[in-house]
Each structure stands twice: as structure tokens, then as C-alpha cells.
Amino acid sequence: MGVLAVVIGTTAGLLRQPGAGALDTIWAEDGGIFLGEAVREGPLSALTASYAGYYHLVPRLLAMIATAFPAGAASEVLAIEAAAVVALLALLVYVASGEHLPSRWSRLLVSAPIVAVPVAQGDVLNSIANLHWYGLYALFWMLIWTPTGRAGRVIATAVVFLVAASDILVVVFIPLALWRAMRRPSGNRHGVLLGLALATGLVVQFAGLLTGSSERELTPDPVRAVTGYLLRAVPAPLVGERWLGDEITARWVLLAAVAWLIVGAIVLLAWLRTRRPGLVPAAAAVQPAWPLAIGAALHSAGLYMLPVLLSGTATPRYAVAPGLLVVTALVALLQPDQASGRGKAPLYALTGLLALVMVVNFRVDNSRADGPTWSDELDRARTACASSDTAPAIPITPRDETPPWQVRAPCSYIR
């Protein structure tokens, strides 16, 4: 069942890219940074290089694998790797969430949107460079999951380290990691290992900043951080990119208000079920998972506000992990009673809304749809290498895009 789920999830991820398709195009940083540097500098040398202010261990490892294949297969390998990792993370979240969400339906609601996330399709679809946004969401579950077997503990620890070594934003999870490491009963070795894995990744990230190997300009903007969370991160999973549009307009604000009304209604319903069960017929035994909901909501706000606060920009991909955590919080508040099966209607209503949004946003037009195709550009580069040893730069984004993203590789690789 797990293998089938990953195959279906990988296939669905690849099918989400319209136009030229995922298998014959390469996302900007995937080729221009990770694949290109792995080819030119060698896979192992590229592992120690930072980009945009921090290290990216997972994309570097996946690019290293891609260099083991012929150049003609690079676009296919990179896209399949990215889609497969997303599907694997969805399966991992489904398993890990079982400790806090006994209902299989609820576990599906917090895992399936990873594959069909309805926001930032232009940035994160089938891109190894943007896997860390999904990883941040999975990291939340790894830190609150207690696997019963050794394999689960090893996987959870490995995921924590890989995400921490790929994104410095994991600093948001330091309080959660400390709570997990110090949680009783005593002898919580797994919690300590998770904390050490997170700390090790952060040491690598901060060492790069302190030594000058990594650097990034900061332009703090607290106002944009707050307004962006209210208008982008929370509405994103409940409305979707297609209906919201590209720029904040009156329609955007109206749809954001509708999304917040839905959130408010769910919180009110959960409060009534907890404090005044008699006001909600046939739902007296329903108990919302408040600790999970509050934890998810706090980390959602932190993961969105921190990068916007520091950079002063609010790109759509910043809402991926926060949006998924918003879904987790809402699902946690709508937990039905497992013994009697009461109180499922609100959860089914949320399911209908999320399913509609994911279907509408399954394939959304983006710049990658316009090509250029990797096969055509590689053929041109091979023609040039046939008459000269000076390899041309291979464009991987539309030619009118400024600055253009290109793969720079020697003719020995291109041939």
C-alpha cells in the first residue's frame, strides 16, 4: 500500500506541470545552481557550497545522483526525484500523524495536500531546489512523533538532519525540539537524538554565516510579515492560487476574509464542543486535539513570518509549509469521536472544501510551462560542442526572462 501510494503521488506530482511538462524542463536553480555546480565542480565539492545564504544538502545530494545519468536524462531524473521525495514525505506524514490523529480520514487530510498543495505551483512543483518547503512541514511531524520501531526512529532522525542541513528556517523548531528532548518519561533518547540532529544541521548553517561561506542581505519588514500571513498563508490552502490570483486586489482581500470566517467558525465549533458539549447535538464525546492545533498554528505563523520579516519579500512559496500547518490545525480541531463516530460532518465539510481547492489548482499555468525544453536546448548545445570545445550555456527558462537561468557544463558532459 505504501509503495502504491508513493507511485501514485509521484505520478500525480509530475502530471501537475502543464505545458512543456515536468520531464523535459528544468527548474531555475535545479539546473543553474545544483546540477551545473555538481557537473563542473564535482558532486562532492558541490556538497560544501552554499547558496542564497545557507546550505542545501538534499538538493545537492539529488543533483549528485543526476550526474550519474547521461545529460539527456537530467530533466527526467531531477523531476522524478523531486516528485518522489514529495510523495515519500506525504506517506511519512500519514504514518507519523497516526499517533495524534487516530482517524485514517484525518491522517489523509494532513498528508494528501502535500502532493496537491494549491499554492506556489510556479516555484515548488517537481523542483529539488524547493523541497525544503515540504521538508519543513514534515519536520513538525517528526518532532512530535514517537515511532515504535527502530526503523521509524532512524528515519525520523535522518529527516530532521536532512531538513536542518537544507534550510536555516528550522530555527523556528528549536523550542519544540527542546520540549521533545526534555519531555518525560526520563530516558527519552529518541527526543534527544532528534534535538542533536536539528542542532547539527543548524551548526552547519550558522558556521557558514559566521565564516563568510554563506551570506544574505536582510531587509526586515515586520508589517509585511504580519499582513502576508493574514492575507496569504492562511487563505492559501482554503482558497488556492488560481482564485486568489497573482496580486493582492479587492477580490483577494474578500476571499481571504472568507477563509478567515471558515477558520473562525471551526475554532468556535471546537470551543463549543470542548466547553459546552450540550450546545452541539450528538457530539458530547467529541474532543478537539487542542495541543496539536495550537502547536501547528504557532509554527505556521513562525515559518511564514520569519523569512518575510528578515527578507522583506513575500513570495508564494513561503506559504507552502505554513499553509499545510493551517490544514493540520483545522483537522485537529474537527476530530470526531472515535468510539461513537459522532461529529464527522464538519470534518467531511472541510474535506469537500480542500478537495475542491486541490482539484481546481491541480494544474495551474506557470513560467515553466513555456519551456524551453531540455531536449531541444541540449541538442543545440551538442551541435555547438561538435565544432568547438567551448561549451555554450544551456538556457532553461524562457529567453525573455531576465536574468535568464542557464546550465553551464563542459562539452564532455553535454556530449
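Computed from a predicted structure; not experimentally measured.

**Q** Would you mind going over the UniProt feature "transmembrane region" (unreviewed entry) in the chain with me for this structure?
**A** Following the UniProt record, the feature "transmembrane region" (unreviewed entry) maps to residues 77-96, 154-179, 191-210, 252-272, 284-306, 318-335 and 347-364 here. With 100% helix and 0% strand, residues 77-96 has its two end C-alpha atoms placed 28 Å apart. Counting secondary structure, residues 154-179 comes out at 65% helix and 0% strand; the distance between its end C-alpha atoms is 20 Å.

**Q** It is not clear to me how empty space enclosed by the protein should be interpreted in this structure. Could you clarify?
**A** Rolled over the atoms, a probe as big as a water molecule pinpoints where empty space is left. As enumerated under the stated definition, the model contains one cavity of 30 Å³ or more in all. The space that makes up the largest cavity amounts to roughly 80 Å³. For the largest cavity, the full set of lining residues is Gly9, Gly13, Arg16, Ala83, Val86, Ile114, Val115, Val124, Leu125, Asn126 and Tyr134. Elements with a contribution of two residues or more to the lining of the largest cavity: α1 (2-15), α5 (74-96) and α6 (104-115). Among the residues making up the lining of the largest cavity, the classes are represented as seven nonpolar, three polar and one charged.

**Q** Help me understand the side chain of serine 166, please; the structure alone is not making it clear to me.
**A** Note that serine 166 resides in the loop between α9 (150-164) and α10 (174-182). Those residues in contact with serine 166 that sit more than four places away from it in its chain are Tyr54, Tyr55, His56, Leu57, Val58, Pro59, His132 and Gln205.

**Q** When you look at the packing of aromatic side chains in this model, what are you seeing that I'm missing?
**A** The geometry of an aromatic ring pair comes down to the distance between the two centres and the angle between the two planes. For the structure shown, the criterion picks out five aromatic pairs. Each ring, one from tyrosine 229 and one from tyrosine 304, has its centre 6.2 Å from the other, and the planes form 50°; the classification is tilted. Here tyrosine 229 is found in helix α12 (residues 222-233), whereas its partner tyrosine 304 is found in helix α16 (residues 290-311), with 75 residues between them in sequence. Judged by relative accessible area, tyrosine 229 falls into the buried class, the value being 9%. Across the ring face of tyrosine 94, the terminal group of arginine 107 is positioned such that the distance to the ring centre comes to 4.3 Å.

**Q** How should I be thinking about the packing of α1 against α5 in this particular structure?
**A** Helix packing for two helices is described by the angle between their axes and how far apart those axes are. At their nearest, the axes of α1 and α5 sit 8 Å apart, and the two run at 130° to each other. Relative to α5, α1 is oriented oblique. At the point where α1 passes α5, the crossing takes the right-handed sense. Residue-level inspection shows Gly2, Val6, Gly9, Thr10 and Leu14 of α1 in contact with α5, the latter providing Ala79, Ile80, Ala83, Ala84, Ala87, Leu88 and Leu91. Classifying every residue of the contact of α1 with α5 gives nine nonpolar, three polar and no charged.

**Q** Help me out: how do you make sense of the environment of leucine 44 in this one?
**A** Considering the arrangement of structural elements, one finds leucine 44 in helix α3 (residues 43-47). Residue class for leucine 44 comes out exposed when judged on its relative accessible area of 64%. Taking the C-alpha atoms as reference, leucine 44 lies 7.8 Å from methionine 64; in sequence the two are 20 residues apart.

**Q** Sorry if this is basic, but what is going on with the environment of valine 360 here?
**A** Relative to the elements of secondary structure, valine 360 occurs in helix α18 (residues 345-360). The spatial distance from the C-alpha of valine 360 to the C-alpha of glycine 149 is 39 Å, given a sequence separation of 211 residues. For valine 360, the contacting residues outside a window of four places in its chain are Arg242 and Trp243.

**Q** What should I look at first to understand the state of the cysteines in this one?
**A** Covalently bonding the sulfur atom of one cysteine to the sulfur atom of another cysteine gives a disulfide. Applying the stated criterion to the full structure yields one disulfide. Each disulfide pairs two cysteine sulfurs, and for cysteine 385 the partner residue is cysteine 411, the sulfurs being separated by 2.1 Å. On the sign convention where negative is left-handed, the bridge of cysteine 385 and cysteine 411, at about -80° about the S-S bond, is left-handed. With cysteine 385 in helix α19 (residues 374-387) and cysteine 411 in helix α20 (residues 411-414), this residue pair connects regions lying 26 residues apart in the sequence. Take cysteine 385 and cysteine 411: they sit in the same class, and that class is buried.

**Q** Explain the pattern of salt bridges here, please?
**A** When the charged atoms of two side chains lie near each other, side chains of opposite charge can form a pair. The tally for this structure, following the rule as stated, stands at five salt bridges. With a closest N to O distance of 3.0 Å, arginine 380 and glutamate 377 form a salt bridge. Placement of both arginine 380 and glutamate 377 in helix α19 is noted, with a separation of three residues, approximately one turn of the helix.

Conventions and cut-offs
Residues numbered from 1 in each chain as written. Predicted model: local features only at pLDDT ≥ 70, side-chain atom pairs only at ≥ 80, totals over all residues. Heavy atoms only, no water. UniProt positions renumbered as here; feature names shortened; annotations may be inferred. Helix = DSSP H or I, 4+ residues; strand = E, 2+ residues; numbered from the N terminus. 1 Å grid on protein atoms, 1.4 Å probe; cavity = no way out; pocket = protein on both sides within 12 Å on 5 of 7 lines; lining within 4 Å. Points joined across faces, edges and corners; volume = space filled by probe spheres on them. Nonpolar A, V, L, I, M, F, W, Y, C, P; charged D, E, K, R; others polar. Contact = heavy atoms within 4.5 Å. Phe/Tyr/Trp six-rings, centres within 6.5 Å; stacked < 30°, edge-to-face > 60°. Buried < 20%, exposed > 50% of the residue type's maximum accessible area, 1.4 Å probe, protein only. Lys NZ or Arg CZ within 6 Å of the ring centre and 35° of its normal. Axes fitted to C-alpha atoms, helices over the stretch in contact; angles between N-to-C directions. Parallel < 35°, antiparallel > 145°, perpendicular 65-115°, else oblique. Left-handed = near helix turned anticlockwise from the far one by under 90°. Disulfide = S-S within 2.5 Å. Salt bridge = Lys/Arg side-chain N within 4 Å of Asp/Glu carboxyl O.

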